[in-house]
Amino acid sequence: LENGVKGKFTYLPCPAGLGTVDDAVEGFTSQELTALNTLVREEYSKNYDITPEIFTHSLAWDSAKKTLLPFTEFDWMKDQSVETLTDYMAGALQILKNIGIAATGITQPCYFKGDETVFARAVLAAIKQINGFNHTYYFLHCSTEATVRSTLAIENHQDDEFVVSVVSASQPDEPFWETIYGDAGDPQQMADYYITEDGSSGRFIELLKTRSPLVFHAHSQTLYSNGA
């Protein structure tokens, strides 16, 4: 906020299947969970759109039984219909809505190996169903090409419906990833991936030369780096 950074922030509805943020999450007191929900809803949302990264970012979630299924959600999703994916996404969006967060899009964890048209249609249907938006987006792809552009996955002028696939213009394993385990690597060298101290090179400079948007991703846990 102090530096005017804007973007998108993931907030998991059911982190690792440990419970839902509108009810209780194992490892958090009710006071801690309330404080976290308030922080995301009232502070992060000032400069960030909030999206679920589907339900758990790990195993698929059975909402009816409130239990984990024995396969990852991103592998399970590839074989599902538009209707099933819509229900799954809508469930994640509803949990966030229950704590006062109207998510504006969907972030997909890891990958999606199914039909992306089916995926995009489900994103639009779920967002319309829960939050009433007909302009939405999803995060799925990364690109290291010289020129990077987000694309229209759905373009329906007649009904004023649009879904944008927002592409991150950095490598999938972002440079700070190794710091998740604490004091690992040289932060200055990692930052040089994006832009060197003298501003002469780095991924941002490459993108500026092709007039590409500087869209990139990072992770809260790698920026915090277990306190390192």
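Note: the structure precedes this text.
Predicted model only: the values in this text are computed from it and were never measured.

About the thresholds
Residues numbered from 1 in each chain as written. Predicted model: local features only at pLDDT ≥ 70, side-chain atom pairs only at ≥ 80, totals over all residues. Heavy atoms only, no water. Helix = DSSP H or I, 4+ residues; strand = E, 2+ residues; numbered from the N terminus. Expected span 1.5 Å × (residues − 1). Buried < 20%, exposed > 50% of the residue type's maximum accessible area, 1.4 Å probe, protein only. Contact = heavy atoms within 4.5 Å. Pairing = 2+ DSSP bridges. Axes fitted to C-alpha atoms, helices over the stretch in contact; angles between N-to-C directions. Parallel < 35°, antiparallel > 145°, perpendicular 65-115°, else oblique. Left-handed = near helix turned anticlockwise from the far one by under 90°. Nonpolar A, V, L, I, M, F, W, Y, C, P; charged D, E, K, R; others polar.

Q: If you had to explain helix H3 (residues 82-98) to someone new, which residues and values would you point to?
A: Under the 1.5 Å per step criterion, the end-to-end length of H3 is 24 Å for 17 residues, consistent within 8% with the ideal 24 Å. All buried positions along H3 are accounted for by Val82, Leu85, Thr86, Tyr88, Met89, Ala90, Ala92, Leu93, Ile95 and Leu96. Along its buried surface, H3 packs onto strand S2 (48-51), strand S3 (59-62), helix H2 (73-77), strand S5 (105-107) and helix H4 (116-131). Backbone geometry just after H3 places Gly100 at a positive phi near 90°.

Q: Describe the sheet that holds strand S6 (residues 135-142), with residues and values.
A: Pairing within the open sheet is mixed, and its four strands lie in the order S5-S6-S8-S7. Two strands bound the open sheet, and with one partner strand each, they are S5 and strand S7 (151-156). Averaged over all neighbouring strand pairs, the angle between strand axes comes to 15°, with direction disregarded. Summarising the sheet, S5 and S6 pair through three bridges and their orientation is parallel. Paired with Ile106 across the two strands is Tyr138, which belongs to S6. Sitting on the sheet, H4 touches S5, S6, S7 and strand S8 (161-168), and the angle it makes with S6 is about 140°.

Q: Lay out the packing of H3 against H4 in plain terms, naming residues and giving numbers.
A: As a packed pair, H3 and H4 sit with axes 8 Å apart at the nearest point and diverge in direction by 40°. Comparing the axis directions of H3 and H4 gives the class oblique. Note on packing geometry: the crossing formed by H3 with H4 is right-handed. On the side of H3, the interface is formed by Val82, Leu85, Thr86, Met89, Ala90, Leu93, Gln94 and Lys97, while H4 contributes Val118, Phe119, Arg121, Ala122, Val123, Ala125, Ala126, Ile127, Gln129, Ile130 and Asn131. Among the residues making up the contact of H3 with H4, the classes are represented as 13 nonpolar, four polar and two charged.

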